[in-house]
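Reading the structure
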Amino acid sequence: MSKSKRQTVLLSQMPVGQQGIVQDFVFDDCERLEEMGMTPGETVEVVRYAPLGDPIEIKVRGYFLSLRKQEADRIKVKIL
Amino acid sequence: MTVSIRTICLAGNPNSGKTTLFNAFTKLRQKVGNYPGVTVEKKTGALALAEDRVVNVIDLPGTYSLSVRSPDEQIARDVLLGRAPDTPKPDMVVCVVDAGNLERNLYLVTQIQDLGLPMILALNMMDEVERQGRRIDVDKLSRHLGIPVVPTVAHQNKGIEELKSLIASGVKAEYRRIWRMAPDLEEEAEHLKNVLVRQEGLEGNEAFVEAVNLLSQAKMNEGRTYKKETVSQINAIQNRLHKMGLRARTAVIEARYDWIKSILKDCVKDKNKKGLGLTERLDAVLTHKLFGWVFFLGIMALMFYMIFTVATIPMDLINQAFDTLGKWVVSALPPGDVRDLIVNGIIAGVGGVVVFLPQILILFFFISLLQDTGYMARAAFIMDRVMSKVGLHGKSFIPLLSSFACAIPGIMSARTIESPKDRLVTILVAPLMSCSARLPVYAIMIAVLMPLAGGWQKAGIMLMMYILGIAGACGMAWFFKLTLLRSQKPIFIMELPPYRLPSWKTVAMHMWERVRLFLKRAGTVILALSIILWALMTYPKHPGVEQGQALKLSYAGQAGTFIEPAIKPLGYDWRVGIGLIGSFAAREVFVSTMSIVFSLGDEAKEETLREAFARAAWPDGRPLFTPLMCLSLMVFYVFALQCLSTVVVVYRETNSWRWPLFQFIYMLILAYLASLIVYQGGKLLGFQ
């Protein structure tokens, strides 16, 4: 796939098993996420959704992290 | 130069095995307290290096970072900088990292390194790394980081001796920062550092850390005051960065991670990249849409089965033991105030608290086990959606659930909630969950309310009371989050740590620690308060007057009479008033207090008490215990915080009298209003 065809979506829109590269945060208060390793340019993978559909489990830097859709809604990801 | 080490401190991420290492270092020579002014737990201990050489160990709260965003991070930073009151500046840091999750764990390491303290890295959980087919070149890692690195398996005591001998010999502090930011930013940081050294007299490393911190923030750090010229220089630098379009905070974080990545590339060999790990396979079941619930509910059911059935065996034994002790004192001492104080004040008071110990032990056994295996985070993951409806966090679920057994362990287990506001809200609403001490009160009131009803109808009423409590807790949590403890939409993120076999030693130590705290802190204050309550119900003495009349004439009885006008709208008279006051020692005391009020002696059978209740009447002959009044009384018990032990534990957990007082008052108002609505509303609708 050529670079231009890669879509940018919100993290909350990614299906299970999908990988993407963090592009940007749509909110400013994201220091905690960055410190936990979700820095722009880093690969993240959606591992699963909780039984009730929220929160989302993702894999980043080799470990597993849970975040709410509310937060995932504000993270732009380029699909791999 | 190596200094002689007197104080070391343990730092590390949550789930890195830091506590296990702390236990291995200090065995049972531990002290748990609070840092002054905050609710962060302070754990210290003594590590014996040789027979005549002991060093202090401070176990810092587990944090992912040293940026000051949570009280835990603030304390970790203050201790490392030697700024925490009553805590000596550590001479050395032992940083514990999970070798299986090095990339993120090393982030904190780079932050601590910047402080320039002598440091050792404990590369923990090396057994897991080996099992996963990964190889870490320890020597290379040590050379890259510039500090000694010791591979450890803390729960098997592996690597502990090596760490000890390194601590004994001391390591040099010769830290040179290797990670680098973008040149522009690097220049500004260096500039600001020099300003801070020159004008504020900060030491070099501390000045650099402060400089990076200031650059990372859009505003000034409110906690510190600088000289005027320093402030204007800081503002100028922040403006320059802003104009360049540089987000310093992100740039600093990225710089650290980039450096970590480059090191790991050189040190870690991953032979077995494909295939799912144990954690992934377990999670496929344990967080499954269906099986996840089955397992979750199964665990919760097992826990409650243990608490409500198995725990009753030791509880009965404890009751018997205190009874026997009381009888022995009765036979050994001559009658009089002293004997009465010992039997009815001290033994009954302490016994009433100690009897909950088995439940607390079982609860903490489960909580430690769930936490140690990593399942706790999954329980929070599953329940988060439900809890978020009332503005709480998935982690609030276990504390609230525990409160059905007893609010005390529930409130103590709220420590797992990182967000201070969420934790406080959880603590504030936890006692609304109907605890086991309310059961005897519900039981007797239901028996009076509908003596002829079948088991299912009685159970139905009982269930309604439980649901009422849950609804109250949810409503109040929602209300507090909306008003008093409103927080700016906090980022909710939670690590799902790898599953691990529990370390029984850690579980046992955790249980022991909680039990000791419960007995010591709650026990002492509760002892004092039960003596006071006993005195109120005993004095002033009126010799020759029979028991019920004497109680009426006592201070507690006078108080009951005094509050009668206030509780009359709820349908209660002064006798119930005494019961309510007596209940503040513990709710189940209501039953025995009422027995005394009706002069039945304090060992009356339930039927006798029920009949006495049925006969009880107002002076004008109207029956006192009408169905409506029974309901109103039960509702009062659902909502009111009639439990001294809870008040004391909340005081300990929040480190001030403000919150327990607030909690007591809001629950009292809630109970009063709810009972008023039930009684007066019921009367308006024509019920009796």
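Please read these numbers as outputs of a predicted model, since none were measured by experiment. (Residues numbered from 1 in each chain as written. Chains lettered and ligands numbered in written order. Predicted model: local features only at pLDDT ≥ 70, side-chain atom pairs only at ≥ 80, totals over all residues. Heavy atoms only, no water.)

Quick look at the overall build of chain A now. From N to C terminus, chain A includes two helices and six strands. Starting at the N terminus and ending at the C terminus, chain A contains elements arranged as β-β-α-β-β-β-α-β. Computed over C-alpha atoms, the radius of gyration of chain A comes to 12 Å, within 12% of the 12 Å expected from 2.2 N^0.38 for 80 residues, which places it in the range of a compact globule. With the C-alpha coordinates of chain A rotated into their principal frame, the extents come out at 35 × 25 × 20 Å. Taking as baseline every contact in chain A between residues at least 6 positions apart, the subset at least 24 positions apart corresponds to 56%. (Helix = DSSP H or I, 4+ residues; strand = E, 2+ residues; numbered from the N terminus. Rg over C-alpha atoms; globule rule 2.2 N^0.38 Å. Contact = heavy atoms within 4.5 Å.)

It is worth spelling out the interface of chain B and chain A at this point. Residue-level contacts link 40 residues of chain B with 35 residues of chain A. Here chain B meets chain A over a buried area of about 3600 Å², counting both sides, of which 55% is carbon and sulfur. Our count for the contact surface shared by chain B and chain A stands at eight salt bridges. Of the charged contacts, one joins Arg61(A) and Glu103(B) as a salt bridge, the two residues approaching to 2.7 Å between their closest N and O atoms. (Buried area = accessible area lost by both parts, 1.4 Å probe. Salt bridge = Lys/Arg side-chain N within 4 Å of Asp/Glu carboxyl O.)

Turning our attention to helix 30 (residues 644-654) of chain B. With 10 of its 11 residues buried, helix 30 of chain B lies for the most part within the structure. One or two steps after helix 30 of chain B, the chain reaches Asn655(B), where phi turns positive at roughly 65 degrees. (Buried < 20%, exposed > 50% of the residue type's maximum accessible area, 1.4 Å probe, protein only.)

So, about helix 13 (residues 312-332) of chain B. Along its 21 residues, helix 13 of chain B runs 30 Å from first to last C-alpha, staying within 8% of the 30 Å computed at 1.5 Å per residue. Each element contacted by the buried residues of helix 13 of chain B is listed here: helix 14 (337-354) and helix 15 (357-373) of chain B. (Expected span 1.5 Å × (residues − 1).)

A word on the packing of aromatic side chains. All names here are of chain B. Under the criterion given, the structure shown has 19 aromatic pairs over all chains. Ring centres 5.6 Å apart and planes at 85 degrees place the aromatic pair tryptophan 659 and phenylalanine 662 in the edge-to-face group. Placement of the pair is tryptophan 659 and phenylalanine 662 together in helix 31 (residues 658-684), with a separation of three residues, close to one helical turn. Overall, the relative accessible area of 14% leaves tryptophan 659 in the buried class. In this structure an aromatic cluster arises from ring pairing among Phe479, Phe480, Trp659, Phe662 and Tyr666. Its guanidinium or amino end placed over the ring of tyrosine 499, arginine 378 lies 4.2 Å from that ring's centre, counting from NZ or CZ. (Phe/Tyr/Trp six-rings, centres within 6.5 Å; stacked < 30°, edge-to-face > 60°. Lys NZ or Arg CZ within 6 Å of the ring centre and 35° of its normal.)

Below, the discussion takes up the domain arrangement of chain B. All names here are of chain B. Taken domain by domain, chain B consists of domain 1 (7-169), domain 2 (183-245) and domain 3 (514-684). The distance between the C-alpha centroids of domain 1 and domain 3 comes to 49 Å. Contacts between the two partners involve eight residues from domain 1 and, on the opposite side, eight residues from domain 3. When the two sides are added together, the surface that domain 1 and domain 3 hide from each other amounts to roughly 530 Å², 29% of it contributed by carbon and sulfur. For arginine 652, the salt bridge identified is with glutamate 41, shortest N-O distance 4.0 Å. (Domains from an automatic or database assignment.)

Residues and elements named next belong to chain B. The tally for this structure, following the rule as stated, stands at three cavities of 30 Å³ or more. In terms of lining, the largest cavity is formed by Leu28, Gln30, Val32, Met509, Trp512, Glu513 and Arg516. Going through the elements one at a time, strand 2 (30-34) and helix 22 (504-538) are the ones with two or more residues in the lining of the largest cavity. With four residues, helix 22 is the largest single contributor of residues to the lining of the largest cavity. Looking at the lining of the largest cavity, its residues break down into four nonpolar, one polar and two charged. (1 Å grid on protein atoms, 1.4 Å probe; cavity = no way out; pocket = protein on both sides within 12 Å on 5 of 7 lines; lining within 4 Å. Points joined across faces, edges and corners; volume = space filled by probe spheres on them. Nonpolar A, V, L, I, M, F, W, Y, C, P; charged D, E, K, R; others polar.)

Residues and elements named next belong to chain B. Its location among the elements puts aspartate 573 in the loop between helix 25 (564-567) and helix 26 (574-582). On the basis of relative accessible area, aspartate 573 is assigned to the buried category, the value being 2%. At 2.9 Å, the side chain of aspartate 573 and the side chain of arginine 575 are in polar contact. Residues in contact with aspartate 573, not counting those within four places in the same chain, are Glu564, Ile567, Trp618 and Leu624. (Polar contact = N/O pair within 3.5 Å; in protein donor to acceptor, adjacent residues only side chain to side chain.)

Time to look at the sheet that holds strand 1 (residues 8-10) of chain A. Strands pair in a sheet through their backbones, by hydrogen bonds, and they do so in one of two ways: parallel or antiparallel. Strand order in this open sheet of seven strands is 1(A)-6(A)-2(A)-3(A)-4(A)-5(A)-10(B), and the pairing throughout is antiparallel. The sheet terminates laterally at strand 1 of chain A together with strand 10 (493-495) of chain B, the two strands that pair on one side only. Adjacent strand axes in the sheet meet at a mean angle of 40 degrees when their direction is disregarded. Where strand 2 (residues 19-25) of chain A meets strand 6 (residues 75-79) of chain A, five bridges bridge the pair, whose relative direction is antiparallel. Across the sheet, residue Phe25(A) finds its bridge partner in strand 6 of chain A, namely Ile75(A). Sheet strands in contact with helix 11 (residues 278-286) of chain B are strand 3 (43-49), strand 4 (56-60) and strand 5 (63-67) of chain A, and its direction is about 35 degrees off that of strand 3 of chain A. (Pairing = 2+ DSSP bridges. Axes fitted to C-alpha atoms, helices over the stretch in contact; angles between N-to-C directions.)

Turning to the sheet that holds strand 6 (residues 119-124) of chain B, a few remarks are in order. Residue and element names in this part refer to chain B. Spatially, the seven strands line up as an open sheet ordered 2-3-4-1-5-6-8, and their pairing is mixed. With partners counted over all chains shown, the strands left at the sheet margins are strand 2 and strand 8 (149-151), one partner each. Put simply, the sheet's adjacent strands are angled 25 degrees from each other on average, direction ignored. Pairing analysis gives five bridges linking strand 1 (residues 7-12) to strand 5 (residues 92-98), with the strands arranged parallel.

This part covers the pairing of strand 3 of chain A. All names here are of chain A. The element strand 3 is extensively covered by neighbouring structure, given that five of its seven residues are classed as buried. Bridge count between strand 2 and strand 3: three bridges; the pairing is antiparallel. Among the inter-strand pairings, glycine 20 is bridged to a residue of strand 3, identified as valine 44. Where strand 3 meets strand 4, five bridges bridge the pair, whose relative direction is antiparallel. Bridging across to strand 4, tyrosine 49 finds its partner in isoleucine 56.

The next point concerns the packing of helix 21 (residues 455-482) of chain B against helix 29 (residues 627-639) of chain B. All names here are of chain B. Remark: helix 21 packs on helix 29, axes separated minimally by 9 Å, with the N-to-C direction vectors making an angle of 40 degrees. One way to sum up the angle between helix 21 and helix 29 is to call them oblique. Considering how the two elements wind past one another, helix 21 and helix 29 form a crossing that is right-handed. Taking contact as the criterion, the partners of Ile461, Met465, Leu468, Gly469 and Gly472 in helix 21 are, on helix 29, Leu631, Met634, Val635, Val638 and Phe639. Considering only residue class, the contact of helix 21 with helix 29 consists of eight nonpolar, two polar and no charged. (Parallel < 35°, antiparallel > 145°, perpendicular 65-115°, else oblique. Left-handed = near helix turned anticlockwise from the far one by under 90°.)

The subject of this paragraph is the nonpolar core. Residue and element names in this part refer to chain B. Residues Val429, Met445, Tyr572, Val576, Phe613, Phe625 and Leu633 are the most contacted members of the largest nonpolar core, which totals 117 residues. No other element matches helix 29, which puts 10 residues into this core. Dropping the residues within four chain positions of it, valine 429 is found in contact with Leu400, Ala473, Met476, Ala477, Phe480 and Tyr666. Core analysis: the next-biggest nonpolar cluster, separate from the first, contains 66 residues, Leu102, Tyr107, Val138 and Ala251 among them. (Core = buried A, V, L, I, M, F, W, Y, C linked by side-chain atoms within 4.5 Å.)

Looking now at the pattern of salt bridges. Throughout the structure, instances matching the rule amount to 34 salt bridges over all chains. Ionic pairing is found between Arg249(B) and Glu34(A), a salt bridge with its closest N-O pair at 3.5 Å. Of this pair, Arg249(B) sits in helix 10 (residues 248-267) while Glu34(A) sits in helix 1 (residues 31-35), which puts the two residues in different chains. Given a relative accessible area of 0%, Glu34(A) falls into the buried group.

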